[in-house]
Amino acid sequence: MTGGHEDPAAEVRVLLVDDDDEDAMLARALLQEAERTRYAVRWAADADEALRAIEETTFEVILLDLRIGPDSGLDLLDRLRARGVTTPVVMMTSATDPSLDDRAMRAGASDWLVKGKLDAWVLDRTIRYALEHHRQRAQLAAVVRRQNEILGMAAHDLRSPLGVVHAYATFLRDRLERIPVVEQRELIERMGESVRFMVTLIDDLLDLSSIESGTVSLAVEETDVRALVLRLVEHDRLLARPKEIAIVVEAADRPHLARVDPRRFQQVLQNLLGNATKYSHPGGEIRIELGELDASVRVSVRDQGTGIAPDFLERIFAPFARERREGTHGERSTGLGLAIVRRIVDAHGGRIWVESAPGEGSTFHVEVPGVDGR
Ligand code: ADP
């Protein structure tokens, strides 16, 4: 929880570190006067008490006096940061000293207030700004962390197909004359497969990153989802043929209008249908059900395939989440498809969820906004 603006009724927990009880009482009174924010204040009179309080409770902000008895507030700030406490700290002091002010800034203090010049509004505003900056920094740090993770996983996943290409190329170079032509073709075909997989992985990654960075704008229009599904199924029947999988569409015989970007929504359905095919057993059936709700259109893709384990279900929409590396016919999997799908559905203001049990097949439901006044 950070700051009052997410939940205006929530209390902001403040640790007030000040050895002077009159100053502490004054600061507490100012905080209680604040109109926009409710503060729950805990007072610590020295560094040890402050450290104990921080071990016991999580605070959203720390108000720290420059002098706390024999200790320096700046030393305490250093100690807190060294312990990995990232709580925003606002320094409070009776006077300004440019050199200390600089040091506080470098040590990561959010702001520096002069006690004699304080009023409730200034104090409240300073804290709210500090909380918001802290929240934004934490958000940014989380994005960077996630991107690094994705980059690491992508690099890892590119290694093995690259290894295949390298090994086969070396093998062919060294023994070309001794390998029968049929075998040469086979090796070249496998190299091609590896390259195609890497291209898919990179395309998916680029797609995911452009959606995440918000550079994808949706061209939303009234779209007949039923017509879209029927077209898609015609195409996918061909893909499903080698596995002899039947695809059945269940929908009332009229347009089902939704407000979606047809190209992006097709990508969503294609992915779900592709997965249903990939994880179905030969001879199985895939059922696509369309329904119109009050303000939305729902598409459910139901398969009778391998199903999904409960613990994996929780993270199935995360990038690179994969239960196994291959489909029931050895189809490859990048683990990015559903992450992309989830983001596209979110961007439409819709929702996606899945019901599944191992061995009993899976059903993915997607709901997107319908057309008003239908
Ligand atoms: P990919 O595009 O590589 O298939 P996805 O993100 O689409 O990756 O899917 C992630 C993982 O979720 C798959 O590797 C598979 O383990 C599981 N999964 C997705 N759809 C199904 C399904 N219909 N049945 C069983 N498992 C599925």
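Located above this text is the structure these notes cover.
Let me sum up the structure you'll find in this document. (Residues numbered from 1 in each chain as written. Predicted model: local features only at pLDDT ≥ 70, side-chain atom pairs only at ≥ 80, totals over all residues. Heavy atoms only, no water.)

This next bit is on the overall build of the chain. Across its full length, the chain holds ten helices and 14 strands. The C-alpha atoms of the chain give a radius of gyration of 30 Å, which is well past the 21 Å a tight globule of 374 residues would have. Dimensions of the chain, computed from C-alpha atoms along their principal axes, come out at roughly 85 × 65 × 35 Å. The proportion of buried residues among the 374 residues of the chain is 44%. (Helix = DSSP H or I, 4+ residues; strand = E, 2+ residues; numbered from the N terminus. Rg over C-alpha atoms; globule rule 2.2 N^0.38 Å. Buried < 20%, exposed > 50% of the residue type's maximum accessible area, 1.4 Å probe, protein only.)

Before going further, it helps to examine the site of the ligand. Around the ligand sit 23 residues in total, of which Asn 275, Ser 333, Thr 334, Gly 335 and Leu 338 are the nearest. Within the side chain of Asn 275, a nitrogen or oxygen atom sits 2.8 Å from an oxygen atom of the ligand. For the ligand, whose unbound accessible area comes to 540 Å², protein coverage reaches 98%. Of all the secondary-structure elements, those providing two or more residues to the shell around the ligand are helix H8 (262-278), helix H10 (337-347) and strand S14 (362-369). Here the shell around the ligand gets four residues from one element, more than from any other, and that element is H8. Grouping the constituent residues of the shell around the ligand by class yields nine nonpolar, nine polar and five charged. (Near = heavy atom within 4 Å. Polar contact = N/O pair within 3.5 Å; in protein donor to acceptor, adjacent residues only side chain to side chain. Areas by Shrake-Rupley, 256 points an atom, 1.4 Å probe, with all protein chains shown as cover. Nonpolar A, V, L, I, M, F, W, Y, C, P; charged D, E, K, R; others polar.)

Pairing in this open sheet of five strands is parallel, and the strands run S2-S1-S3-S6-S7 from one edge to the other. Sheet topology places strand S2 (38-44) and strand S7 (111-114) at the edges, where each strand pairs with a single neighbour. Adjacent strand axes in the sheet meet at a mean angle of 25 degrees, parallel and antiparallel pairs treated alike. Sheet strands in contact with helix H1 (residues 21-33) are strand S1 (11-17), S2, strand S3 (61-65) and strand S6 (89-93), and its direction is about 170 degrees off that of S2. (Pairing = 2+ DSSP bridges. Axes fitted to C-alpha atoms, helices over the stretch in contact; angles between N-to-C directions. Contact = heavy atoms within 4.5 Å.)

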